[in-house]
2 protein chains.
Amino acid sequence: MGRTPAGQTRRKIYTFVRDRIIRGRPPTVREVQEAFGFRAVQSAREHLEALVSEGLLSKEPGRARGFGLPDASGYGPPARLVPLLGRVQAGQLTTALEEPDGYLATQSRLPEQELFALRVRGRSMSGAGILPGDIVIVRRQATAASGDTVVAMVGDEATVKTLKIKKKRIELHPQNPDFAVIVVADSEINILGKVVEVRRYLEDPKTG
Amino acid sequence: MGRTPAGQTRRKIYTFVRDRIIRGRPPTVREVQEAFGFRAVQSAREHLEALVSEGLLSKEPGRARGFGLPDASGYGPPARLVPLLGRVQAGQLTTALEEPDGYLATQSRLPEQELFALRVRGRSMSGAGILPGDIVIVRRQATAASGDTVVAMVGDEATVKTLKIKKKRIELHPQNPDFAVIVVADSEINILGKVVEVRRYLEDPKTG
DNA sequence: ATGGATACCAGACAAATGTCTGGTATGTCA
DNA sequence: TGACATACCAGACATTTGTCTGGTATCCAT
């Protein structure tokens, strides 16, 4: 019946669908139909197919709620959750991973198992903008390049430091003049991973 | 046939389903069945229903891919995307919001429209651990409390500062001795919002 | 005006998916 | 041992959902 200017409804349908996907469940064709007051399923379907042709949506034909966001859409890969660990003590990483304090949404393409998040204690990295209470997201790896910010075991607890590789030894540099450089033989270093992201929540992220 | 120790398979199914929801589309009962090698749909169904009873999953009966993550699950609300703006110039916030540089996954419960993200320029907030290139996530609001980290218009560009409310005037404090405090009459202040989160990507978040 | 494109509609069919009934085997515990 | 719960299976049915065919109305450019 009535007719909408070209592209207007289309755009709204796109935002609607995208929002639903991000929230965890794409809409069915009929849900789109109802949300926009179409009297025919086909109307919704045509818009949706058009959005797929434009590359704004992807879809798996024949499957219920088959729409998705294409990887190359600039909206980032689908989010996934990374376990947040309160603290990690000697040899306890695997155990800690099984009982996380919570989960953080990230957009990393890495397998979930390769990432974890850790709450920072102490001011030893303040000079690098990593403050107590901040959360670092870490990619698990046993080695790292000189200059990388890493999580390593120092004594019996995991700490964040800047890695410096020297000829015969390895140094863990704090970024704060009040703390001392830690020097270890390269056979003794125990690197848990490399920091790929730092986060700071200035208010409760759940309520805020 | 074979039988698995109590709860083991159940736990794996939970992780599987949760992961799929976060990625944007919950599995069907039959997808769970196949993923775990059940020879009957009902087996998968029983596990799923049990997870709902335990409160680990929510579901809408009768609907395709009807499972979801309960809000109170501790895994945070479903992720949603916040638009990332490269820079904001005078009066351009609304325009900028329509053409974001990308999107970031967050777990905020706030409506999507109330949040935006901004890339930080300059070292004026280094003392607060906010470095150039960092991303701040901002809740849109025209006022804020003294001491809050805010995004405000200074000249014709948005900048991040600490807000101090004095008797008759408002001060925007940098956190860096090299920068000067900005003093404005409280009628002239133009606050875009309050910083609720700071992020720093130490390697390319898409490849990393 | 006319052909084409867009936006929408009505009704149906078929596949995907949720749900159900009734069963077997294995473990736990009184 | 027997009652009970758990884990699983086989096969079917009903609903939801994707898909299709054929149509009307409006706008635009030629």
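Read on for an overview of the structure.

Reading guide: rules and limits
- Residues numbered from 1 in each chain as written.
- Chains lettered and ligands numbered in written order.
- Predicted model: local features only at pLDDT ≥ 70, side-chain atom pairs only at ≥ 80, totals over all residues.
- Heavy atoms only, no water.
- Least-squares fit on C-alpha atoms with pLDDT ≥ 70 in both.
- Contact = heavy atoms within 4.5 Å.
- Buried area = accessible area lost by both parts, 1.4 Å probe.
- Salt bridge = Lys/Arg side-chain N within 4 Å of Asp/Glu carboxyl O.
- Polar contact = N/O pair within 3.5 Å; in protein donor to acceptor, adjacent residues only side chain to side chain.
- Helix = DSSP H or I, 4+ residues; strand = E, 2+ residues; numbered from the N terminus.
- Nonpolar A, V, L, I, M, F, W, Y, C, P; charged D, E, K, R; others polar.
- Pairing = 2+ DSSP bridges.
- Expected span 1.5 Å × (residues − 1).
- Buried < 20%, exposed > 50% of the residue type's maximum accessible area, 1.4 Å probe, protein only.
- Phe/Tyr/Trp six-rings, centres within 6.5 Å; stacked < 30°, edge-to-face > 60°.
- Axes fitted to C-alpha atoms, helices over the stretch in contact; angles between N-to-C directions.
- Parallel < 35°, antiparallel > 145°, perpendicular 65-115°, else oblique.
- Core = buried A, V, L, I, M, F, W, Y, C linked by side-chain atoms within 4.5 Å.

Comparison of the two chain copies shows a relationship of rotation about an axis with a shift along it. Between chain B and chain A, the superposition needs a rotation of 180° and an axial shift of 0.1 Å, giving an RMSD of 0.4 Å. Both copies are brought into coincidence by an operation consistent with a two-fold rotation axis. With an isologous cut-off of 70% or more, the 100% of interface residues of chain B that recur at the interface of chain A puts this contact in the isologous class.

It is worth spelling out the interface of chain B and chain A at this point. Each partner contributes residues to the interface: chain B has 51 residues there, and chain A has 52 residues. Together chain B and chain A conceal approximately 4,600 Å² of surface at their shared face, both sides included; 45% is due to carbon and sulfur atoms. Between chain B and chain A we count six salt bridges in total. Arg-63 of chain B is paired through a salt bridge with Glu-31 of chain A; the nearest N and O atoms lie 3.0 Å apart. There are 26 residue pairs in polar contact (both at pLDDT 80 or more) connecting chain B and chain A. Those elements giving two or more residues to the side of chain B that touches chain A turn out to be α1 (8-22), β3 (80-85), β4 (102-106) and β11 (191-201) of chain B. Top element by residues in the side of chain B that touches chain A is β11 of chain B. It accounts for eight residues. The residue inventory of the side of chain B that touches chain A, partitioned by class, reads 22 nonpolar, 11 polar and 18 charged. Pairing of strand β11 (residues 191-201) of chain A with β11 of chain B involves five bridges; the strand directions are antiparallel. Residue pairing in the sheet places Val-198 of chain A in a bridge with Arg-200 of chain B of β11 of chain B.

With that settled, consider helix α1 (residues 8-22) of chain A. All names here are of chain A. The first and last C-alpha atoms of α1 sit 22 Å apart over 15 residues, in line with the 21 Å expected at 1.5 Å per residue. Of the positions making up α1, those classed as buried are Thr-9, Ile-13, Tyr-14, Val-17, Arg-18, Ile-21 and Ile-22. Directly beyond the C-terminal end of α1, a positive phi value near 120° is found at Gly-24.

Moving on, we get to the packing of aromatic side chains. All names here are of chain A. All chains considered together, the criterion is met by four aromatic pairs over all chains. Ring centres of Phe-36 and Phe-38 lie 6.5 Å apart, and the angle between their planes is 20°; on these two criteria the pair is classed as stacked. You can call Phe-36 partly exposed: its relative accessible area is 26%. Grouped by ring-pair contacts, the aromatic residues Phe-16, Phe-36 and Phe-38 constitute a single cluster.

In this structure, Arg-65 of chain B sits in the loop between β1 (58-59) and β2 (67-68). The contacts of Arg-65 of chain B, once residues within four sequence positions are left out, are Arg-25, Arg-63, Ala-64 and Arg-65 of chain A together with Arg-25, Pro-26, Pro-27, Thr-28 and Glu-31 of chain B.

This paragraph deals with the pairing of strand β3 (residues 80-85) of chain A. Residues and elements named next belong to chain A. With six of six residues buried, β3 lies mostly within the body of the structure. By the alternation rule, side chains of β3 split into Arg-80, Val-82 and Leu-84 and Leu-81, Pro-83 and Leu-85, which are all buried. As judged from the two bridges shared by β3 and strand β5 (residues 115-119), these two strands associate in the parallel manner. Looking across to β5, one finds that Leu-84 is bridged to Ala-117.

Residue and element names in this part refer to chain B. Two strands pair when backbone bridges link them, and strand β7 (residues 149-154) and strand β8 (residues 157-165) are joined in this way by six bridges, in the antiparallel orientation. Counterpart to Ala-152 in the pairing with β8 is Thr-159. Bridging between β8 and strand β9 (residues 169-173) involves four bridges; their strand directions are antiparallel. Each bridged residue has a counterpart across the sheet, and for Leu-163 the counterpart in β9 is Leu-172. Joining the antiparallel neighbours β8 and β9 is a turn of three residues.

Turning our attention to the packing of α1 of chain A against helix α3 (residues 41-53) of chain A. Residues and elements named next belong to chain A. Packing of α1 against α3 leaves a shortest axis separation of 10 Å and a crossing angle of 80°. In this view, α1 runs roughly perpendicular relative to α3, as classed from their interaxial angle. The segment α1 lies against α3, with Thr-9, Arg-10, Ile-13, Tyr-14 and Val-17 engaging His-47, Leu-48, Ala-50 and Leu-51. Residues that form the contact of α1 with α3 fall into these classes: six nonpolar, two polar and one charged.

Ranked by internal contacts, the top residues of the largest apolar core, which has 30 residues, are Val-17, Leu-48 and Leu-57 of chain A together with Val-17, Leu-48 and Leu-57 of chain B. At the level of secondary structure, the elements contributing two or more residues to this core comprise α1, α3 and β4 (102-106) of chain A together with α1, α3 (41-53) and β4 of chain B. Apart from residues no more than four positions distant in its own chain, Leu-48 of chain B is found in contact with Ile-13, Val-17, Val-29, Val-32, Leu-57 and Phe-67 of chain B.

To continue, consider the pattern of salt bridges. Scanning the entire structure with this criterion turns up 28 salt bridges over all chains. Across the salt bridge formed by Glu-197 of chain B and Arg-199 of chain B, the nearest N and O atoms sit 2.6 Å from each other. Salt bridges linked by common partners bring Arg-20, Glu-31 and Arg-65 of chain A together with Arg-63 of chain B together as one network.

Further remarks concern the environment of Glu-60 of chain A. Relative to the helices and strands, Glu-60 of chain A is located in the loop between β1 (58-59) and β2 (67-68). At 2.6 Å, the side chain of Glu-60 of chain A and the side chain of Arg-25 of chain B are in polar contact.

It is worth spelling out the side chain of Arg-200 of chain B at this point. Structurally, the position occupied by Arg-200 of chain B is in strand β11. At a separation of 2.9 Å, a polar atom in the side chain of Arg-200 of chain B contacts the side chain of Asp-134 of chain B. Excluding residues that lie within four positions of it along the chain, Arg-200 of chain B makes contacts with Ala-128, Gly-129, Ile-130, Val-196, Glu-197, Val-198 and Arg-200 of chain A together with Gly-129, Leu-131 and Asp-134 of chain B.

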